[in-house]
Amino acid sequence: MPNIPETVIATSDPLSLCNGNALFPALGTFRSGYVGTGMAGTIFSINDENILLFRFSANAKYEVVFGLCGPAYAAKLVLEGSTDNKALELTIVEDELQAGILFGLTLSFVCNISLDTLKLNWVWQGWNSHFASSWLQLADFHINLEFDVIELLWELIKEGFESEGKETIIKKVPLLSNQLVGSWGMYDERANNFASNGGEMVANPTLNLPIDIAPMIGPVAELNLALKALFSRLSFGPLIGIQMPVTVKMKTVTLDSAKYSNLTFVDGKMGGTTAGTDPSNPTKLTLELDHTAGFDLAFGIFLNLNLVKLFNIGFSTTWPLLKTLGIQPNFGPYTNNLSNTIGKTTGKACSQCGDGSTGLFDVIFEAPGGLGYE
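Residues numbered from 1 in each chain as written. Predicted model: local features only at pLDDT ≥ 70, side-chain atom pairs only at ≥ 80, totals over all residues. Heavy atoms only, no water.

A.B. asks: Sorry if this is basic, but what is going on with the packing of aromatic side chains here?
C.D. replies: The relative placement of two aromatic rings is captured by the distance of their centres and the angle of their planes. In this structure the tally under the stated criterion is 2 aromatic pairs. Their ring planes at 80° and their centres at 6.0 Å tell us that F24 and F331 sit as a pair that is edge-to-face. Linking F24 in the loop between β2 (21-22) and β3 (30-31) with F331 in strand β18 (residues 330-341), this pair joins segments that are 307 residues apart in sequence. On the numbers, 5.4 Å between centres and 85° between planes, the contact of F194 with F265 is edge-to-face. Residue F194 is found in the loop between β8 (184-191) and β9 (200-203), and its partner F265 is found in strand β13 (residues 258-266); the two are separated by 71 residues along the sequence. In terms of burial, F194 and F265 fall into one category: buried. (Phe/Tyr/Trp six-rings, centres within 6.5 Å; stacked < 30°, edge-to-face > 60°. Helix = DSSP H or I, 4+ residues; strand = E, 2+ residues; numbered from the N terminus. Buried < 20%, exposed > 50% of the residue type's maximum accessible area, 1.4 Å probe, protein only.)

Right, dumping it as structure tokens:
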């Protein structure tokens, strides 16, 4: 019974959208994003902390990114297990999926908080009747603090033109006279839902366009007039957006030349069988992944406070419209293979994928310009 020690399978290490697989292979993907050493990290992380009938998770990260990356997905799986009698069993120790496209030069701080409650259901099975437990999500918050360097540079340039009486130059160029100058993108990241989701990793990159109704409300308009002296602004209202749901599935697992298929996923474990012979001392683990990329329209609400034209503190939530109507256009599936030496706990280095050590945003960008400040 050959054992398979903990092994990391990833598109790159550290995980990066800039070194991911193209969502639409015919279109390809940009790989020009870059994050220097020490320019990304975790501030704190709390995973599935149980408190009585509740489960709490929270994490906060910071990153500095510049460049253009995507549309792509990046995936990481940490696996361990064994094989015997033509049957493979692997435990999914860890999984992470990142998907979308981004462009910009931005410093971001992101805090994700989720709260679940324990739900009990009575399962009737005669003498074997019992209570079955499951977790029900009560809250899922994403708080973003964003510093957009491109927007700051543009504001400085615009102030320079206006101070010299050349603001008409700005107004004559539509691209520059509206709020299209700044960092933007559609991005989503999910972790540790692969095994519990039946062998699927799902992310939902979203690009939201806010409709600011603050100027239509007298007291809020007066507040913004006072905040203008501090180069700040409060905005809120409905959101309309575009979503690009991405689903990644594991199709087969190969140990050296022995391919295991008919995969099953139960209680955090993956099982599979092979028509060949179990390798006696496997050295290479390969995953065959299928992915699909879809399209949806979204509607939601947002609240944003822009401070001194540099920082955005905001909250937003959206709901998929086409999915609600039972309409789900998808492209694919497309197939990619990821492999690593069995027992290796680091993935392919990003220096093997492109120049530098890459990274990405952990945020879903709203429209540039602090969600509509003037």
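A.B. asks: Can you walk me through the pairing of strand β15 (residues 284-294) in this structure?
C.D. replies: Across a regular strand the side chains alternate sides, sitting on one face of the sheet and then on the other. In terms of residue burial, β15 counts as a mostly covered element, since 9 of its 11 residues are buried. Bridge count between strand β12 (residues 246-255) and β15: 9 bridges; the pairing is antiparallel. Within the sheet, the bridge partner assigned to L255 lies in β15 and is L285. Sheet topology places β15 next to β18; 10 bridges connect them, and they run antiparallel. Looking at β18, one finds that L285 is bridged to N340. (Pairing = 2+ DSSP bridges.)

A.B. asks: Help me understand a nonpolar patch on the surface, please; the structure alone is not making it clear to me.
C.D. replies: Where nonpolar side chains cluster on the molecular surface, the patch consists of L209, I211, I240, I242, F295, L297, F299, I301, W319, L321 and F331 and spans about 970 Å² of accessible area. Within the residue set of the nonpolar patch, elements represented by two or more residues are β11 (233-243) and β16 (296-307). With respect to the element layout, L321 can be found in helix α5 (residues 321-324). Assessed through its relative accessible area of 40%, L321 is described here as partly exposed. (Patch = residues over 30% accessible without salt bridge, like charges linked within 9 Å, V, L, I, M, F, W, Y side chains within 5 Å. Areas by Shrake-Rupley, 256 points an atom, 1.4 Å probe, with all protein chains shown as cover. Salt bridge = Lys/Arg side-chain N within 4 Å of Asp/Glu carboxyl O.)

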